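Secondary and tertiary structure notes
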Amino acid sequence: MTRFRLAAVTAFAIGTLALTATSASALIACNREGVCWHVPKRFAYRAEYGVVIHPNNWRWGPRERFVFREHPGRGYWRNGVWISF
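Conventions and cut-offs
- Residues numbered from 1 in each chain as written.
- Predicted model: local features only at pLDDT ≥ 70, side-chain atom pairs only at ≥ 80, totals over all residues.
- Heavy atoms only, no water.
- Pairing = 2+ DSSP bridges.
- Helix = DSSP H or I, 4+ residues; strand = E, 2+ residues; numbered from the N terminus.
- Disulfide = S-S within 2.5 Å.
- Phe/Tyr/Trp six-rings, centres within 6.5 Å; stacked < 30°, edge-to-face > 60°.
- Buried < 20%, exposed > 50% of the residue type's maximum accessible area, 1.4 Å probe, protein only.
- Lys NZ or Arg CZ within 6 Å of the ring centre and 35° of its normal.

A short note on the sheet that holds strand 4 (residues 67–68)
Ordered by their spatial adjacency, four strands build an open sheet running 3-1-2-4, and the pairing between neighbours is mixed. In the strand order of this sheet, the two ends are held by strand 3 (52–55) and strand 4, each with one partner. Two strands pair when backbone bridges link them, and strand 1 (residues 27–30) and strand 3 are joined in this way by four bridges, in the antiparallel orientation. The residue of strand 3 that forms the bridge with Ile28 is His54.

Structure (structure tokens):
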């Protein structure tokens, strides 16, 4: 394999790895009511919102009960209503 070809293959592999790393960067946000949703980055939620951020691979325990409710944009769920900010 020539140096040029090796460099091209290496650059392609690094580019592919970078794309896959950025696409899996979502987090899971959950409120006190047990409602969770995905967020693209760690937003600054106020303490009174009662939102906890978990990594994307987080799973609740066998005795915990949560439900996922997705919603686009920035905000949080409170009493079944999406509050945008």
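After presenting the structure, the write-up continues.
Focus: the state of the cysteines
Counted under the stated rule, the structure contains one disulfide. Through a disulfide, Cys30 is tied to Cys36; the S-S separation comes to 2.1 Å. Taking the torsion about the sulfur-sulfur bond, which here is approximately 105 degrees, the covalent link between Cys30 and Cys36 counts as right-handed.

So, the packing of aromatic side chains
The final tally for this structure, using the stated rule, is 12 aromatic pairs. Both rings, one in Tyr49 and one in Tyr76, keep their centres 4.2 Å apart while their planes meet at 15 degrees; by these two values the pair is stacked. Placement of Tyr49 in the loop between strand 2 (35–39) and strand 3 and of Tyr76 in strand 5 (residues 75–78) is noted, with a sequence separation of 27 residues between them. Among the residues examined, Tyr76 registers a relative accessible area of 4% and is labelled buried. Seen from the ring of Trp77, Arg69 lies directly overhead, with NZ or CZ sitting 3.9 Å from the centre.

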